[in-house]
Amino acid sequence: MRSEKEMMELILSVARKDERIRAVYMNGSRTNQTVKKDIFQDYDIVYVVKENRPFYEDERWIDRFGERLYMQCPEKMDKDRGQAVDLDQCFGWLMQFQDGNRLDLHVVPVEKANVMEDKLCVILLDKDHILPSIQPPTDEDYWIRKPSEPEFLACANEFWWCLNNVAKGLWREEIPYVHAMYTEGSHAQLLKMLNWKVGYENGFCLSTGKASKYLKDYLPENLWGRFLKTYITGDIPQIWDAMFIMCDLFQETATELGGRLGYAYNIQEAEASYQYVKHVRTLPKDAKGVF
């Protein structure tokens, strides 16, 4: 596997030798000093170019980065599916190489280069001094933000409301529907509430990463273990059990956090929803009514 030094030298060497490329900048996890380095980190690189078209019309130039296992071109895929995409404004190649490295490379024309929109941006090369000076990289744009009281209450309401869809889906044995309602509904709100808890406990000065991938680092071991048990399979009894673990965890977290923030958590609503789903679990298949 090529080292970080080798990859960066290659990325910059290509840019220096190609007159069409006028500047290079990088963002993503490799510029984030709070992220632990590992072998799977991508190289998120942007080449600032005179024009995009020559790069995407003849893609043989990307072969110099190494032997690829496979690749994806998101903008091209979107355009091929009929979406309104302007390839001359941005075009990318997401490349997985045989040696294990991954390079997410984009080209943008000079007039579209914006190093100010992402505070994790680092300028690597600027042949013509066309890019503005920027501050050292920081992930502050991704820090967990303190919720307002309406946001907190909406999260709780969404959690408890969505449970009725999960419960009726389980009674009907509609597993794809159950997964959608559970994952996109209540479980997403639990994840949000746990992030707010972590944010509060750390002064709202941190990020748990994309899709909360670093959440484990900020939760006590026992709490993390309970959270893992909220993930579901296709087994109906397991889903019911996971849902009740999720309910207990949400109730505890929301009650605690609401008190800390001075927000009025609606315990009556929570209890009503909880009792409803418990009732549905015991409902016979030949029931003539819900109650």
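This one's a predicted model, so the numbers in the text were calculated from it and none came from an experiment.

Caption draft 1: Looking closely at the nonpolar core. Within the largest apolar cluster, 45 residues are counted, with the highest numbers of intra-cluster contacts made by Trp160, Met243 and Phe250. Mapped onto this core, the elements with two or more residues apiece are helix H4 (149–172), helix H5 (175–201), helix H6 (221–228), helix H7 (236–261) and helix H8 (267–281). At 12 residues, the largest contribution of residues to this core is made by H7. Within the second largest apolar cluster, 29 residues are counted, among which are Tyr43, Trp61, Phe91 and Trp93.

Caption draft 2: Looking closely at H5. Taking 1.5 Å as the rise per residue, H5 with 27 residues should run 39 Å; its terminal C-alpha atoms sit 36 Å apart, in good agreement. At His187, H5 shows its largest kink, close to 40°.

Caption draft 3: Representation of the packing of H6 against H7 in the model. Taken N-terminus to C-terminus, the directions of H6 and H7 make an angle of 140°; their axes are 9 Å apart at the nearest point. Put simply, H6 runs oblique to H7. Only Ile245, Asp248, Leu249 and Glu252 of H7 make contact with H6, whose side of the interface consists of Leu223, Arg226 and Phe227. Class assignment for the residues of the contact of H6 with H7 results in four nonpolar, no polar and three charged.

Caption draft 4: Region of interest: the pairing of strand E2 (residues 43–49). The buried fraction of E2 amounts to seven of the seven residues, a majority that puts the element mostly inside the structure. Judged by which residues are buried, E2 turns out to be covered on both faces: Tyr43, Ile45, Tyr47 and Val49 on one side and Asp44, Val46 and Val48 on the other are all buried. Sheet analysis places E2 next to strand E5 (residues 102–109), joined by seven bridges and oriented parallel. Within E5, the residue paired with Tyr47 across the bridge is Val107.

Caption draft 5: Just the side chain of Arg30, in detail. Residue position: Arg30 is located in the loop between strand E1 (21–27) and E2. Within the local environment of Arg30, its side chain forms a polar contact with the backbone oxygen of Gln41, the two atoms lying 3.0 Å apart. Contacts of Arg30, omitting those with residues within four sequence positions, involve Glu4, Lys37, Asp38, Gln41, Asp42 and Tyr43.

Caption draft 6: Spatial organisation of the side chain of Gln41. Mapping Gln41 onto the fold places it in the loop between E1 and E2. On the accessibility criterion, Gln41 (6% relative accessible area) is buried. Aside from chain neighbours lying at most four places away, what touches Gln41 is Ser29, Arg30, Val35 and Lys36.

Caption draft 7: Structural context of the sheet that holds strand E4 (residues 91–97). Overall, mixed pairing links the six strands, which are arranged E3-E4-E5-E2-E1-E6 in an open sheet. Single-partner strands in this sheet number two, and they are strand E3 (68–72) and strand E6 (122–126). Averaged over all pairs of adjacent strands, the angle between their axes in this sheet comes to 20°, without regard to strand direction. Pairing of E1 with E6 involves four bridges; the strand directions are antiparallel.

Reading the values: the criteria
Residues numbered from 1 in each chain as written. Predicted model: local features only at pLDDT ≥ 70, side-chain atom pairs only at ≥ 80, totals over all residues. Heavy atoms only, no water. Core = buried A, V, L, I, M, F, W, Y, C linked by side-chain atoms within 4.5 Å. Buried < 20%, exposed > 50% of the residue type's maximum accessible area, 1.4 Å probe, protein only. Helix = DSSP H or I, 4+ residues; strand = E, 2+ residues; numbered from the N terminus. Expected span 1.5 Å × (residues − 1). Bend = angle between axes of the 7 residues up to and from the residue. Axes fitted to C-alpha atoms, helices over the stretch in contact; angles between N-to-C directions. Parallel < 35°, antiparallel > 145°, perpendicular 65-115°, else oblique. Contact = heavy atoms within 4.5 Å. Nonpolar A, V, L, I, M, F, W, Y, C, P; charged D, E, K, R; others polar. Pairing = 2+ DSSP bridges. Polar contact = N/O pair within 3.5 Å; in protein donor to acceptor, adjacent residues only side chain to side chain.

On their own, these measurements won't tell you what the molecule is for.
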